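Next come the chains, spelled out residue by residue.
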Amino acid sequence: MSDSSYRQLEIRWIDLNPTRGAETKKRRPCVILQDDLVNQGSRTLIVAPILPGHKDWPFAINLKPSKANGLDKDRHVNLKQLRAVDVSRITKKQGMLEKRYLPPIKTALGIVFDL
């Protein structure tokens, strides 16, 4: 069932299985990228996985743990691995990504899509 309380930049645990090939696997924290207006009543959300470690890729946003985001160590958002997921894959809320990450996310998406 759709939950209109899903928010952009919210970090939720999502079961990404089944996958194929090089797709990000397992149950992972993911950041919701789609706008709150689009989230209302939507059965799918566009998300990006949060993976361990620091990466110097133009499509990766490096994250530092904080009380707000609930991360346990340095991680990165891989914006080359965007997924549209059904809300049935979504489980508990991890935290909220700070708004200071939104401008670099938009820049990285521009690189990924050559916008």
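Right, let's walk through the structure included here. Position labels on residues start from 1 in each chain and follow its written sequence. Per-residue local features of the predicted model are confined to residues with pLDDT of at least 70, and side-chain atom pairs are confined, for both listing and counting, to 80 or more; whole-chain, interface and lining totals are unaffected and use all residues. Hydrogens and water are ignored here; the side-chain numbers use all heavy atoms of the structure.

One speaks of a salt bridge when a side-chain nitrogen belonging to Lys or Arg is within 4 Å of a carboxyl oxygen belonging to Asp or Glu. Taken as a whole, this structure holds 5 salt bridges when the rule is applied. We note a salt bridge from Lys64 to Asp74, for which the minimum N-O separation is 2.9 Å. Within this pair, whereas Lys64 is found in the loop between β4 (60–63) and β5 (75–78), its partner Asp74 is found in the loop between β4 and β5, the two being separated by 10 residues in sequence. In this structure Lys64 comes out as partly exposed when scored by relative accessible area, which is 48%. Relative accessible area serves as the criterion here: at 32%, Asp74 is assigned to the partly exposed category. Salt-bridge contacts for Asp72 lead to Arg75; the nearest nitrogen and oxygen are separated by 2.9 Å. Burial status follows relative accessibility: with a 1.4 Å probe on protein chains alone, a residue under 20% of its type maximum counts as buried, one over 50% as exposed, and anything between as partly exposed. Its relative accessible area of 58% is what places Asp72 among the exposed residues. Several salt bridges share partner residues, and in doing so they unite Glu10, Arg12 and Lys93 into one network. Secondary structure elements follow DSSP: runs of H or I of four or more residues count as helices, runs of E of two or more count as strands, with numbering from the N terminus.

To continue, consider unusual backbone geometry. Pro18 follows Asn17 through a cis peptide bond whose omega is 0°. Of note, Pro18 is situated in the loop between β1 (10–15) and β2 (27–32). If you check the backbone angles, Lys26 has positive phi at about 75° while not being a glycine. Within the element layout of this structure, Lys26 appears in the loop between β1 and β2. The phi dihedral of Asp114 falls on the positive side, at around 50°, and the residue is not glycine. Tracing the sequence through the fold places Asp114 in the segment after α2 (102–113). For Asp114, a relative accessible area of 71% gives the class exposed.

Below, the discussion takes up the pairing of strand β3 (residues 44–52). Across 3 bridges, the pairing between β2 and β3 is antiparallel. Each bridged residue has a counterpart across the sheet, and for Val31 the counterpart in β3 is Ala48. A pair of strands is considered paired only if DSSP assigns at least 2 bridges between the two. Bridge count for β3 against strand β6 (residues 83–86) is 4 bridges, and the pairing is antiparallel. When the bridges of β6 are listed, Ile46 appears paired with Ala84. Pairing geometry for β3 and β5, over 3 bridges, is antiparallel.

Here we take up α2. With 12 residues, α2 should cover 16 Å at 1.5 Å per step; its first-to-last C-alpha distance of 16 Å lies within 8% of that length. Taken as a whole, α2 has its buried residues at Ile105, Ala108, Leu109 and Gly110. Expected span of a helix: the number of residues minus one, times 1.5 Å.

Core analysis: the largest hydrophobic core is formed by 16 residues, its most contacted members being Val31, Ile61, Leu63, Val77, Leu79, Leu97 and Ile105. Of the residues forming this core, the biggest block, 3 residues, is contributed by α2. Any two residues having at least one pair of non-hydrogen atoms within 4.5 Å are treated as being in contact. Setting aside its immediate chain neighbours within four residues, Leu97 contacts Leu9, Ile11, Val31, Leu63, Asn69 and Ile105. In terms of nonpolar packing, the next biggest core, distinct from the first, is built from 10 residues, Tyr6, Leu16, Leu45 and Val87 among them. What makes a nonpolar core is a set of buried Ala, Val, Leu, Ile, Met, Phe, Trp, Tyr and Cys residues whose side-chain atoms join them at distances within 4.5 Å.

These values are about where atoms sit, not about what they do.
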